[in-house]
Amino acid sequence: VWGVQSRQHAQEIHGFDLTDVVITGPPWFWPYSAMWHDTKPEHVLYAGTSIAYSEDEWQIVERVRGFLNGCMPPRFIYRPHPRRGAGWTLSPADAMLTAEQVARSHVLVTAFSTMIIEAALSGRPSVVIGFGRTAQGSGALLDHSRYEHMADILEKPGVCLVTEFGLLRLAIQSRANSEPA
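The text that follows walks through the structure, step by step, so that each part is easy to find. (Residues numbered from 1 in each chain as written. Predicted model: local features only at pLDDT ≥ 70, side-chain atom pairs only at ≥ 80, totals over all residues. Heavy atoms only, no water.)

### Brief notes about the overall build of the chain
- Secondary structure assignment for the chain yields six helices and five strands.
- Tracing the chain from N to C terminus, the helices and strands come up as α-β-α-β-α-β-α-β-α-β-α.
- Taking all 181 residues of the chain together, the buried fraction comes to 46%.
- Intrachain contacts of the chain at a sequence separation of at least 6 include 67% that bridge at least 24 residues.
- Of the roughly 9300 Å² that the chain leaves accessible, carbon and sulfur atoms contribute 54%. (Helix = DSSP H or I, 4+ residues; strand = E, 2+ residues; numbered from the N terminus. Buried < 20%, exposed > 50% of the residue type's maximum accessible area, 1.4 Å probe, protein only. Contact = heavy atoms within 4.5 Å. Areas by Shrake-Rupley, 256 points an atom, 1.4 Å probe, with all protein chains shown as cover.)

What follows is the structure in structure tokens.
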């Protein structure tokens with residue numbers, strides 16, 4: 001887990017024995033120490049989630065891609081989560097590529113990814129998808145917004161939770177057509 005709070009969540013919420021939990025720290029945030037806050041946005045970045053979150057991620061990605069190709073000038077980049085077997089690693093080169101993609105985005109679109117934090121570190125807004133099917137048991141993707149660690153993130157400035165595709169379109173349009181913070 002990342003830190004003390006994550007360790008506590010592992011024990012209290014998920015039922016892990018503390019002897020089975022190791023604090024490793026966040027693996028991706030070091031590239032943001034010397035970041036490109038003045039970088040001109042070039043694209044909309046969709047950060048995929050692990051297999052455990054968004055069951056219908058591919059369908060949502062294709063809908064967003066189709067919407068952007070039809071009416072928006074920015075390029076669209078889909079960055080699958082490393083657990084989806086897309087060739088991403090925790091290597092320094094991949095970390096720097098991810099940091100650059102986030103810094104060059106008009107907006108980060110995701111379903112409860114820690115890349116929301118990376119977007120904030122780059123001064124970029126995030127639109128969080130709260131509709132669709134969850135891959136964790138029964139229920140909806142919106143259920144993840146109620147987890148304590150995610151509820152804290154969703155309250156931060158620049159983070160917008162959307163509950164239907166029409167609102168996602170509007171949120172992307174408004175953020176892609178405005179200047180970065």
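Structure's up, so let's keep going.
### Description of the packing of aromatic side chains
- Summed over the entire model, instances satisfying the criterion amount to four aromatic pairs.
- Measuring from centroid to centroid gives 5.1 Å for tryptophan 58 and tyrosine 78, while their planes differ by 70 degrees, and the two rings are edge-to-face. Pair noted here: tryptophan 58 is in helix α2 (residues 57-71) and tyrosine 78 is in strand β2 (residues 75-79), with a separation of 20 residues, a long-range link.
- On the accessibility criterion, tryptophan 58 (45% relative accessible area) is partly exposed.
- For tyrosine 78, a relative accessible area of 14% corresponds to the buried category.
- Arranged with centres 6.4 Å apart and planes meeting at 85 degrees, the rings of phenylalanine 131 and phenylalanine 165 form a pair that is edge-to-face. (Phe/Tyr/Trp six-rings, centres within 6.5 Å; stacked < 30°, edge-to-face > 60°.)

### Thoughts on the nonpolar core
- Counting 37 residues, the largest nonpolar core has Tyr46, Val64, Phe76, Val109, Ile129, Leu168 and Ile172 as its most contacted members.
- With five residues, the single largest contributor to this core is α2. (Core = buried A, V, L, I, M, F, W, Y, C linked by side-chain atoms within 4.5 Å.)

### A closer look at the environment of glutamate 100
- Within the secondary structure, glutamate 100 is located in helix α3 (residues 92-103).
- Its relative accessible area of 30% is what places glutamate 100 among the partly exposed residues.
- Counting along the chain gives 22 residues from glutamate 100 to serine 122, while the straight-line C-alpha distance between them is 9.2 Å.

### Quick notes on the pairing of strand β4 (residues 126-129)
- Every second residue of β4 is oriented toward a common face, with Ser126 and Val128 on one face and Val127 and Ile129 on the other, all of them buried.
- With helix α4 (residues 115-121) bridging strand β3 (residues 105-110) and the parallel β4, this β-α-β connection has right-handed handedness.
- Where β4 lies against strand β5 (residues 159-162), four bridges are found, and the strand directions are parallel. Residue pairing across strands places valine 128 opposite leucine 161, the latter belonging to β5. (Right-handed = clockwise from strand over helix to strand, strands pointing away. Pairing = 2+ DSSP bridges.)

### What to know about the sheet that holds β5
- In space, the five strands of this open sheet follow the order β2-β1-β3-β4-β5, with parallel pairing throughout. Lying at the two open borders of the sheet, with one neighbouring strand each, are β2 and β5. Neighbour-to-neighbour, the strand axes of the sheet open up by a mean angle of 20 degrees, direction not taken into account. (Axes fitted to C-alpha atoms, helices over the stretch in contact; angles between N-to-C directions.)

### With respect to the pattern of salt bridges
- One pass over the full model with this rule turns up three salt bridges.
- Residue glutamate 62 pairs with arginine 65 through a salt bridge whose shortest N-O separation is 3.4 Å. In this pair, glutamate 62 and arginine 65 are both assigned in helix α2, three residues apart and thus about one turn of the helix distant.
- On the accessibility criterion, arginine 65 (28% relative accessible area) is partly exposed. (Salt bridge = Lys/Arg side-chain N within 4 Å of Asp/Glu carboxyl O.)

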